[in-house]
Structures are given as structure tokens and as C-alpha cells.
Amino acid sequence: MRAQKRNDDITQIVAEACSLLGQLTWDTQRGAYLRGEKVCILLDPCPAEEGDRFDVPITILPLVGRATALEGISVVLRGDESDEAMIYYGLLNRRGQVLFRGLEKGRYRAEILPPEPVAWPMPFLVPVPSLAMVPSARTDEHRWRRRFRNADGSLVATLRERETGELELLFEAEERSWDSALVGVTWTPMSAEGEAATEPQRLFAVLAWSEVFGACVAEVHLGPMPQELELSLPQRPWPLESLTGEFIEALADSVARASTDHSRQAWRRLAQREEALPPEARRAIEEALGG
């Protein structure tokens, strides 16, 4: 009974927070404070240390129960609805807080996603809102795309339409510390009726430094563009020691989806890190690469 009541309280808190945030557009120079019957929300922007940007801590504090009940809930910030607009994503910590770094000056809307089971229930992936997609008939420079950035600003993911009309995911990180980092992603193609066309698909990518991009990058070929897509993106690197058991099949599929020679070379270098990679993971990568 107590567990059920706690779950009901969390559901009501999340629903009220969604309702409060849905009514608000806030400015990086002012922030906002919202209070309901079961939750209060504080958005408190402050100038970042460098440039004309802002760091924005967000606190979602339950007025009933404990803040730890909201740990792991996804928070998403949007500036506008254009294809070029960055979508920022992060997870609430055990204090009900998340810090977004380096936001451009302007007006934003915040959104939280109710907790749902995901394919990989680990704190390395952040669900983002479902995306409706319309294949483009325009020039290569104006094809469909959406850009995402993790809360600390270190990783950008670009979901984009290729010239073939298929979908590709590009990861970019300017910091050299992401070189050779493994990241995970899940994606679920949805039908026009909003139903999952397949089970959530698990994929990995290995970032590697590119002189062309001037950043650590990885490209992943997802396949034909669906009507709608559910996506979970990485907020930090995936621990190599966890690559056993259920992740082996995903590794082989991920190597096959590496869409450039640069990405395949990154996988080859990862397989050579015998001290960090479990033997079964190394074998799976080497077999997928062809020996």
C-alpha cells in the first residue's frame, strides 16, 4: 500500500510539473519560479564564465515526499521549433536538480518526460520527446534535421536526413577527452498511428578525433526515415567493462551501422584496447569488422 501511494504521488507530481512548465516561456535574463499544490519549480539563469551565454540550474522540488523520487527524470529545453534550433537534454539528480551549461541568450520552454521503461535502464541515456519526421524534397543543405546537446554542453548529436532519404545520427564533441569514448543510444521507429514499429533498437558509437571536423565525431546509419521516432541519447560515455551479455548483439549491429571509414577505424582501435574491453566484446567487434 505504501509503495503504491508513493508511485501515485510521483505520478501526480510529474503531471503537475508538466502542466506548470507547459504554460511557461522563460527568458535567460529572468528565469522563473512556479508553485503548485504538490511541486515547486525554480529556473535560475546566471551568466556563464565565458562568452555571452548562460548557465541554467533547474530545481523541481516536491512539496510532498522526497526529491529523490524524481531522480532520473528527463528534462528538455527548447528555444524555437525550427530545424536549426538546439534541443538541450539532461536528467534530474537525487536532489531534483539539473544544470544546463552554455545556453545562448533568449527565450526557452522547459519540458519533463514522465518516467517510462527504456531499453537500457541505466543513467547513461536520456529520453527526448518523440519526433515527427517528413522526408524532404529540398536541397542537400536544407534536408530535415534536429540537433541535441547534453546538459554540460560537451556532446552534440545531430539526427539528419541523408541524400538517400535515410536517417543518420552524427555525434560531435570538441573536447579531446571524448576521443575513443563509447556512447549508447536507443531508437524506436513509430508508425503514423503512434505505435512502435519494432522493439527499441540498441546501438553504440565510438567517437574519434577528426581533423576535418576539428572535433571527436562518430556517424551511425539508422535506416529508412519512419513517420515518427522515439530516441534516447547519451549524456556521458558508456563504461567499457559493462559490454557483456545482452550488449554483445548490439555491438555487432553497431559496427555494421558505422557509416564512414572514420567510424569503422574508431571501432577497430577500440577492439585493440584489450586492457579495457571484455574479451567477448572484443571478439564481437573483430568479427563484425571482418577479422
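Quick note: structure is the one above.
So, a few notes on the structure that sits alongside this text. The model shown is predicted, which means the values in this text are computed figures rather than measured ones. (Residues numbered from 1 in each chain as written. Predicted model: local features only at pLDDT ≥ 70, side-chain atom pairs only at ≥ 80, totals over all residues. Heavy atoms only, no water.)

As a further point, take the overall build of the protein chain. Scanning the protein chain from terminus to terminus reveals 4 helices and 18 strands. Among the 291 residues that make up the protein chain, the fraction classed as buried is 49%. Long-range pairs, those at least 24 residues apart, make up 63% of the contacts in the protein chain with a sequence separation of at least 6. For the protein chain, the exposed surface amounts to about 14,800 Å²; the carbon and sulfur share of it is 47%. (Helix = DSSP H or I, 4+ residues; strand = E, 2+ residues; numbered from the N terminus. Buried < 20%, exposed > 50% of the residue type's maximum accessible area, 1.4 Å probe, protein only. Contact = heavy atoms within 4.5 Å. Areas by Shrake-Rupley, 256 points an atom, 1.4 Å probe, with all protein chains shown as cover.)

With 7 of its 10 residues buried, strand β5 (residues 53–62) lies for the most part within the structure. As paired elements, strand β3 (residues 39–43) and β5 share 5 bridges and run antiparallel to each other. Residue pairing in the sheet places Ile-41 in a bridge with Ile-60 of β5. What sits between strand β4 (residues 46–47) and β5 in their antiparallel hairpin is a turn of 5 residues, with Gly-51 showing a positive phi close to 75°. Bridge count between β5 and strand β8 (residues 97–104): 6 bridges; the pairing is antiparallel. Bridged to Ile-58 within β8 is Val-98. (Pairing = 2+ DSSP bridges.)

Two modes of strand pairing occur in sheets, parallel and antiparallel, and in both the strands are linked by backbone hydrogen bonds. Ordered in space as β10-β18-β14-β15, the 4 strands form an open sheet in which the pairing is antiparallel. Of all the strands in the sheet, just β10 (125–132) and β15 (201–206) have a single pairing partner and so form its edges. Mean inter-strand twist for the sheet, computed between neighbouring axes without regard to direction, equals 25°. Where β10 and strand β18 (residues 228–234) come together, 6 bridges link them in antiparallel fashion. Looking at β18, one finds that Ala-132 is bridged to Glu-228. Sheet strands touched by helix α2 (residues 248–257): β14 (182–190) and β15. Its angle to β15, the strand with the most contacts, is close to 60°. Here helix α3 (residues 261–271) sits on the sheet and contacts β14 and β15; the angle it forms with β15, its principal contact strand, is near 85°. (Axes fitted to C-alpha atoms, helices over the stretch in contact; angles between N-to-C directions.)

This paragraph deals with the nonpolar core. Ranked by size, the top nonpolar core spans 33 residues in total, and within it Phe-148, Leu-159, Leu-169, Phe-171, Leu-207 and Leu-233 carry the most contacts. For this core, the secondary structure elements donating two or more residues are β7 (86–91), β10, β12 (156–161), β13 (166–173), β14, β15, β17 (215–224) and β18. In contact with Leu-207, other than residues within four places in its own chain, are Leu-155, Phe-171, Glu-172, Ala-173, Trp-178, Asp-179, Ser-180, Ala-181, Val-183, Cys-216, Val-217 and Ala-218. (Core = buried A, V, L, I, M, F, W, Y, C linked by side-chain atoms within 4.5 Å.)

For the structure on display, the rule yields 6 salt bridges. The partner of Arg-53 in a salt bridge is Glu-104, with the nearest N and O atoms 3.4 Å apart. Highlighted residues: Arg-53 in strand β5 and Glu-104 in strand β8, separated in sequence by 51 residues. Residue classification places Arg-53 among the partly exposed positions, given a relative accessible area of 33%. Judged by relative accessible area, Glu-104 falls into the partly exposed class, the value being 45%. Here Arg-160 makes a salt bridge to Glu-168, at a shortest N to O gap of 2.8 Å. Glu-168 sits in the buried class, given a relative accessible area of 6%. (Salt bridge = Lys/Arg side-chain N within 4 Å of Asp/Glu carboxyl O.)

This part takes up the packing of α2 against helix α4 (residues 279–289). Closest axis-to-axis distance for the α2/α4 pair is 9 Å, and the angle between their directions is 30°. As the angle between them shows, α2 and α4 are arranged roughly parallel. Considering only the axes of α2 and α4, their crossing is right-handed. For the pair formed by α2 and α4, the contact residues are Ile-248, Leu-251, Ala-252 and Val-255 on the first element and Glu-280, Ala-281, Ala-284, Ile-285, Ala-288 and Leu-289 on the second. For the contact of α2 with α4, the per-class residue count stands at 9 nonpolar, no polar and 1 charged. (Parallel < 35°, antiparallel > 145°, perpendicular 65-115°, else oblique. Left-handed = near helix turned anticlockwise from the far one by under 90°. Nonpolar A, V, L, I, M, F, W, Y, C, P; charged D, E, K, R; others polar.)

For the rest of this paragraph, the subject is the side chain of Asp-27. Locating Asp-27 in the fold gives a position in strand β1 (residues 26–27). Despite its burial, Asp-27 pairs with no opposite charge; the closest candidate is Arg-107, at 4.4 Å N-O. Reaching out from Asp-27, the side chain makes a polar contact with the backbone nitrogen of Gln-29 at a distance of 2.8 Å. When neighbours within four sequence positions are excluded, Asp-27 is seen to be in contact with Pro-45, Gly-106 and Arg-107. (Lys, Arg positive; Asp, Glu negative; His and termini not counted. Polar contact = N/O pair within 3.5 Å; in protein donor to acceptor, adjacent residues only side chain to side chain.)

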